[in-house]
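Summary of the model geometry
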Amino acid sequence: CGIPKVEKDLLSYSVAVFGCERGGAWQWCLSLLGEMQSGQLQPDAMTYACAAKACTIAKQSGAASAIAGQMRANRIDGNAASILEEAAWVLDGPEMQQPVALSALATMAPKQVNVYKYVAKKATPGDIDSVIEAIENFAKSRSWLKIQGEDKKELLEKSLRAGDRIVEFGCFVGYSSLCMAR
């Protein structure tokens, strides 16, 4: 039938919840959250925030409060409104207006998809150092990547001070951003 198979991972669920939020389908947001949790997949802050926003817009305050409780129980900082406000400029970009499934991206950006899959398998979720290490290992063992080398990485890290605010415009796989974030 030509419909690509979509992996049930955090990215695909997050995009689906985002789409349901934008479409006003708060029940589907809750259903997808439940499916994630029953499949041992932890929703991230953005996924929770989109679901909470959908419930709030639909005047389902009990459901929105339950999501806020899940966020607190999972030690996810911030409330849904502030998370969405901080990321609003990303969500309003043309790429997010028509989200693309990971399997569909494989033909447009195969190396980036392979890096994502490698990192998802090798890195510890929430551990920036393990993600950086996984990207570096991919670059060394699997395929060349356009990431900063050790000398540039060291120079970048030495130039940053605690509390610096950083904006990076354009990235290949987010390696530099991760180095600056830690």
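Residues numbered from 1 in each chain as written. Predicted model: local features only at pLDDT ≥ 70, side-chain atom pairs only at ≥ 80, totals over all residues. Heavy atoms only, no water.

1. Re the overall build of the chain
Counting its regular elements, the chain contains 11 helices and 0 strands. Overall, the chain shows an N-to-C arrangement of helices and strands of α-α-α-α-α-α-α-α-α-α-α. Per-residue burial over the chain gives 31% buried out of 182 residues. When contacts within the chain are restricted to residue pairs at least 6 apart in sequence, long-range pairs at least 24 apart make up 56% of them. Looking at the chain as shown, the accessible area adds up to about 11900 Å², and 56% of this sits on carbon and sulfur atoms. (Helix = DSSP H or I, 4+ residues; strand = E, 2+ residues; numbered from the N terminus. Buried < 20%, exposed > 50% of the residue type's maximum accessible area, 1.4 Å probe, protein only. Contact = heavy atoms within 4.5 Å. Areas by Shrake-Rupley, 256 points an atom, 1.4 Å probe, with all protein chains shown as cover.)

2. Concerning the nonpolar core
Core analysis: the biggest nonpolar cluster contains 21 residues, and Val17, Cys29, Leu33, Tyr48, Ala51, Cys55 and Ile67 have the highest contact counts within it. Counting only elements with at least two residues in this core, the list comes to α1 (10-22), α2 (26-38), α3 (45-57) and α4 (61-73). When residues in this core are grouped by element, the largest group, 6 residues, is from α3. Judged by nonpolar contacts, the second largest core, of 12 residues, contains Val131, Ile132, Tyr175 and Cys179. (Core = buried A, V, L, I, M, F, W, Y, C linked by side-chain atoms within 4.5 Å.)

3. Some words on the confidence of the model for the chain
Across the chain, the average pLDDT comes to 78, with 79% of residues at 70 or higher. Per-residue pLDDT, averaged within each element of the chain, yields its smallest value for helix α6 (residues 94-97) (52) and its largest for α2 (93). (pLDDT = per-residue confidence, 0-100.)

4. Observations regarding the packing of aromatic side chains
Within this structure, the stated rule accounts for 1 aromatic pair. Relative to Phe138, the ring of Tyr118 lies with its centre 5.4 Å away and its plane at 65°, an arrangement referred to as edge-to-face. Residue Tyr118 is found in helix α8 (residues 110-122), and its partner Phe138 is found in helix α9 (residues 128-141); the two are separated by 20 residues along the sequence. Side by side, Tyr118 and Phe138 carry an identical accessibility label, which is buried. (Phe/Tyr/Trp six-rings, centres within 6.5 Å; stacked < 30°, edge-to-face > 60°.)

5. A few points about the state of the cysteines
Evaluated as defined, the whole model comprises 0 disulfides. Looking at Cys29, it has no disulfide partner, and the nearest cysteine sulfur is the one in Cys20, 5.0 Å off. Classification of Cys29 as buried rests on a relative accessible area of 0%. No disulfide involves Cys50; its nearest neighbouring cysteine sulfur is the one of Cys29, lying 7.4 Å away. (Disulfide = S-S within 2.5 Å.)

6. Points about α8
Its 13 residues give α8 an end-to-end C-alpha distance of 18 Å, which sits within 8% of 18 Å, the value for a rise of 1.5 Å per residue. Regarding α8, the residues found buried are Val113, Val115, Tyr118 and Val119. (Expected span 1.5 Å × (residues − 1).)

7. Looking at unusual backbone geometry
Phi at Gln40 takes a positive value of approximately 60°, unusual for a residue other than glycine. Locating Gln40 in the fold gives a position in the loop between α2 and α3. By relative accessible area, Gln40 is classed as exposed at 70%. Of note, Lys59 is a non-glycine position whose phi angle comes to about 60°, a positive value.

8. Brief notes about the pattern of salt bridges
On inspection of all chains with the given rule, the structure shows 4 salt bridges. Among the ionic pairs, Glu35 bridges to Lys8, the shortest N-O distance being 3.3 Å. Taken together, the residues Glu35 in helix α2 and Lys8 in the segment before α1 connect sequence positions 27 residues apart. Note on Glu35: relative accessible area 32%, which makes it partly exposed. (Salt bridge = Lys/Arg side-chain N within 4 Å of Asp/Glu carboxyl O.)

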